[in-house]
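Here is what each chain is made of, one letter per residue.
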Amino acid sequence: HNRSPRNFGKLDDADKTIEGFNPLCGDKLILYLKIEDQKIDDISFDGSGCAISVASASLMTDAMKGKSLTEAETLFNEFHTLITTDDDVDTEQLGKLAALAGVKDYPARVKCASLCWHTLHSAIQGDDTPVSTE
């Protein structure tokens, strides 16, 4: 997902566009969303970042396509729990996203993996201000 990211590039007919930035690592992304009937109809991202940041954004955009905003919020919470705590998480529900579980062992890298997620969360909440991990 880092070398060949899915859903990479500007989404021309996006309803929402929001920026995210991780000053610690230098990751920068723009998240594009097309939402119809409270569902993520399409999603993509653009920008540059470390391997973890790009892979996480690629995996996230794949996972979010077709999800309702409620389902997206639930998935955000599950993923955040996975990479920040030792709590039990249903990795089967997370699917390929579970591959990023090991990030929690490297606290500085958690911000890399979660940047796109916090950016999406902010967009779902209706906040269009740029997101920073700091």
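So, here's what we can say about the structure. Note that the structure is predicted; figures quoted are calculated from it, not measured. (Residues numbered from 1 in each chain as written. Predicted model: local features only at pLDDT ≥ 70, side-chain atom pairs only at ≥ 80, totals over all residues. Heavy atoms only, no water.)

Attention shifts here to the sheet that holds strand 2 (residues 27–36). Strand order in this open sheet of 4 strands is 3-2-1-4, and the pairing throughout is mixed. Pairing within the sheet leaves two strands with one partner each, and these edge strands are strand 3 (39–48) and strand 4 (131–132). Both strand 1 (residues 16–22) and strand 2 contribute to a ladder of 7 bridges, which runs antiparallel. Paired with Asn 22 across the bridge in strand 2 is Asp 27. Strand contacts of helix 1 (residues 51–64): strand 2 and strand 3, with the helix running at about 165 degrees to strand 3, the strand carrying the most contacts. Relative to strand 1, helix 4 (residues 107–124) is tilted by about 150 degrees, and along the sheet it contacts strand 1, strand 2, strand 3 and strand 4. (Pairing = 2+ DSSP bridges. Helix = DSSP H or I, 4+ residues; strand = E, 2+ residues; numbered from the N terminus. Contact = heavy atoms within 4.5 Å. Axes fitted to C-alpha atoms, helices over the stretch in contact; angles between N-to-C directions.)

Evaluated as defined, the whole model comprises 2 aromatic pairs. With a centroid separation of 5.2 Å and an interplanar angle of 80 degrees, the aromatic rings of Phe 8 and Phe 45 are classed as edge-to-face. Placement of the pair is Phe 8 in the segment before strand 1 and Phe 45 in strand 3, with a sequence separation of 37 residues. The interplanar angle of 15 degrees and the centroid separation of 4.3 Å between the aromatic rings of Phe 79 and Trp 117 together place this pair among those described as stacked. (Phe/Tyr/Trp six-rings, centres within 6.5 Å; stacked < 30°, edge-to-face > 60°.)

Turning to the layout of surface pockets, a few remarks are in order. Of the pockets and cavities examined, the largest pocket occupies roughly 180 Å³. Partitioning the lining of the largest pocket into residue classes produces 5 nonpolar, 3 polar and 4 charged. (1 Å grid on protein atoms, 1.4 Å probe; cavity = no way out; pocket = protein on both sides within 12 Å on 5 of 7 lines; lining within 4 Å. Points joined across faces, edges and corners; volume = space filled by probe spheres on them. Nonpolar A, V, L, I, M, F, W, Y, C, P; charged D, E, K, R; others polar.)

On to helix 1, then. End to end, helix 1 covers 20 Å across 14 residues, agreeing with the expected 20 Å (1.5 Å per residue, within 8%). Counting buried positions over the 14 residues of helix 1 gives 11, a clear majority of the element. Along helix 1, the positions that sit buried rather than exposed are Ser 53, Val 54, Ala 55, Ser 56, Ala 57, Ser 58, Leu 59, Met 60, Thr 61, Ala 63 and Met 64. On its buried face, helix 1 sits against strand 2, strand 3, helix 2 (69–84) and helix 4. (Expected span 1.5 Å × (residues − 1). Buried < 20%, exposed > 50% of the residue type's maximum accessible area, 1.4 Å probe, protein only.)

Another aspect to go through is the side chain of Ser 58. With respect to the helices and strands, the residue Ser 58 is situated in helix 1. A polar contact of 2.8 Å, which involves the side chain of Ser 58, links it to the backbone nitrogen of Arg 6. With residues up to four places along the chain from it excluded, the contact list for Ser 58 reads His 1, Pro 5, Arg 6, Asn 7 and Phe 45. (Polar contact = N/O pair within 3.5 Å; in protein donor to acceptor, adjacent residues only side chain to side chain.)

Judged by side-chain charge, Asp 86, Asp 87, Asp 88 and Asp 105 come together as a negatively charged surface patch. Looking at Asp 105, the relative accessible area reads 57%, which means it is exposed. (Patch = residues over 30% accessible without salt bridge, like charges linked within 9 Å, V, L, I, M, F, W, Y side chains within 5 Å. Areas by Shrake-Rupley, 256 points an atom, 1.4 Å probe, with all protein chains shown as cover. Salt bridge = Lys/Arg side-chain N within 4 Å of Asp/Glu carboxyl O. Lys, Arg positive; Asp, Glu negative; His and termini not counted. Charge placed at Lys NZ, Arg CZ, Asp CG, Glu CD.)

For the structure shown, the criterion picks out 1 cavity of 30 Å³ or more. Quantified by volume, the largest cavity comes out at close to 50 Å³. Around the largest cavity, the lining residues are Phe 8, Lys 28, Leu 29, Phe 45, Gly 47, Ser 48, Gly 49, Ser 53, Val 54 and Ala 57. Elements represented by at least two residues in the lining of the largest cavity include exactly strand 2, strand 3 and helix 1. Looking at the lining of the largest cavity, its residues break down into 5 nonpolar, 4 polar and 1 charged.

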